[in-house]
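Coordinate inspection notes
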Amino acid sequence: YRAKERGNNYQLYSPSMNEKAINRLEMEGALRKALEREEFTVYYQPQINTDTGEIIGMEALVRWRHPERGIIPPADFIALAEETGLILPLGEWVLRTACRQNKEWQMAGYPPLRVTVNLSASQFQQQDLADRVSRILKETGLDPQWLELEITESIAMKDVAFTIKTLRQLRDMGIKIAIDDFGTGYSSLSYLKQIPSHTLKIDKSFVRDIAKNTEDGSIASAIIAMAQNLKLKVIAEGVETEEQLAFLKKQKCDEIQGFLFGKPVPPQEFEKLLKKKK
Ligand code: C2E
Ligand code: MG
Ligand code: MG
Ligand code: MG
């Protein structure tokens, strides 16, 4: 991407352009600059074994540390990064940063944890994805067993043949695969069975009212039962209350992620959680 050449072109666009489009252009320029200036940062959120209450992993979640606007959440820039293609260098940077950080913690003597990294649609569609991931693992020295890649259910189901082929390559490298936001897409069970994944992640929209709303409770229970039948691990995201935790425990949900155990935090703060564990 050629941020330098494209950075100063706003004046070429006529002022009749609506404000939204201008804002978008400014955001795109700002995103490019942010990549060059390394304004992005990775936060980590703990993932907990439901039975033992121990941290067994973490999800890497990108943040933009904007010099004026402060911390900007991914909801405000991932879609634009995706549309402009900037998600490719950004996503690769997140992956490299998360692998390097995890390896550093292992070298420091903390008990090894799995790190989960989100892949965007266009990252997942790259023909050379497996090679790219493999290079990053070599470069950072992280053993593939400690890396889990997340794709959403809707990305996974877009082109099932392609998904199976790509995930097989990644699985054969020893990497784990999670299907994110599960329950929000339209998976056919017969496809799900063929997709080489390790983990289903119950979307937080079903977790919110799990203990109150019988329908969401039934959906969550059905996903957990299905995962068990398919020999997949199941993790619930967005767990905020003891009631939700009690429900998920009773249904034998393997793992939990949510504000009840910890919000996504910068690496220095996550390390404090690791210190408690050591
Ligand atoms: P996701 O992958 O489903 O990540 C989980 C989101 O739920 C995170 O939001 C996390 O902070 C939030 N969350 C976790 N526990 C709770 C809880 O108890 N209550 C509530 N209300 N929320 C909770 P975040 O960090 O804002 O990320 C939003 C989305 O942005 C992610 O959803 C993912 O789709 C995307 N994203 C984040 N980082 C990356 C990245 O590096 N690459 C790509 N492609 N997408 C990313
Ligand atoms: Mg995720
Ligand atoms: Mg999710
Ligand atoms: Mg989500």
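Before any of the text, the structure's been laid out above.
Presented here is an overview of the structure given in this document. Small disclaimer: the values here were computed from a predicted structure and weren't measured.

1. A short note on the coordination of the magnesium ion (ligand 3)
Coordination of the magnesium ion (ligand 3) by the protein comes from Asp 180 (OD), Asp 181 (OD), Glu 237 (OE) and Glu 237 (OE), over a distance range of 2.1 to 2.3 Å. The sequence pattern describing where the donors of the magnesium ion (ligand 3) fall on their chain is D-D-x55-E. Separating the magnesium ion (ligand 3) from the magnesium ion (ligand 2) is a gap of 4.0 Å, which Asp 180 spans by donating to each of them. Note that Asp 181 is positioned in strand β6 (residues 176-182) and Glu 237 in strand β8 (residues 233-237), a separation of 56 residues in sequence.

2. A short note on the packing of aromatic side chains
Under the defined criterion, the tally for this structure stands at seven aromatic pairs. Ring plane angle 35 degrees and centroid distance 5.7 Å describe the contact between Phe 40 and Trp 64, whose orientation is recorded as tilted. Here Phe 40, found in strand β1 (residues 40-49), pairs with Trp 64, found in strand β2 (residues 55-66); they are 24 residues apart in sequence, far enough to count as distant. In this structure, Phe 40 and Trp 64 share a single accessibility class: buried. With a centroid separation of 5.6 Å and 50 degrees between ring planes, the pair formed by Phe 40 and Phe 77 is classed as tilted. Taken together, the residues Phe 40 in strand β1 and Phe 77 in the loop between β3 (70-72) and α3 (78-84) connect sequence positions 37 residues apart.

The rules behind each value
Residues numbered from 1 in each chain as written. Chains lettered and ligands numbered in written order. Predicted model: local features only at pLDDT ≥ 70, side-chain atom pairs only at ≥ 80, totals over all residues. Heavy atoms only, no water. Donors = N, O, S within 2.8 Å, 3.2 Å for Na, K, Ca; no water. Helix = DSSP H or I, 4+ residues; strand = E, 2+ residues; numbered from the N terminus. Phe/Tyr/Trp six-rings, centres within 6.5 Å; stacked < 30°, edge-to-face > 60°. Buried < 20%, exposed > 50% of the residue type's maximum accessible area, 1.4 Å probe, protein only.

Structural measurements only, silent on function.
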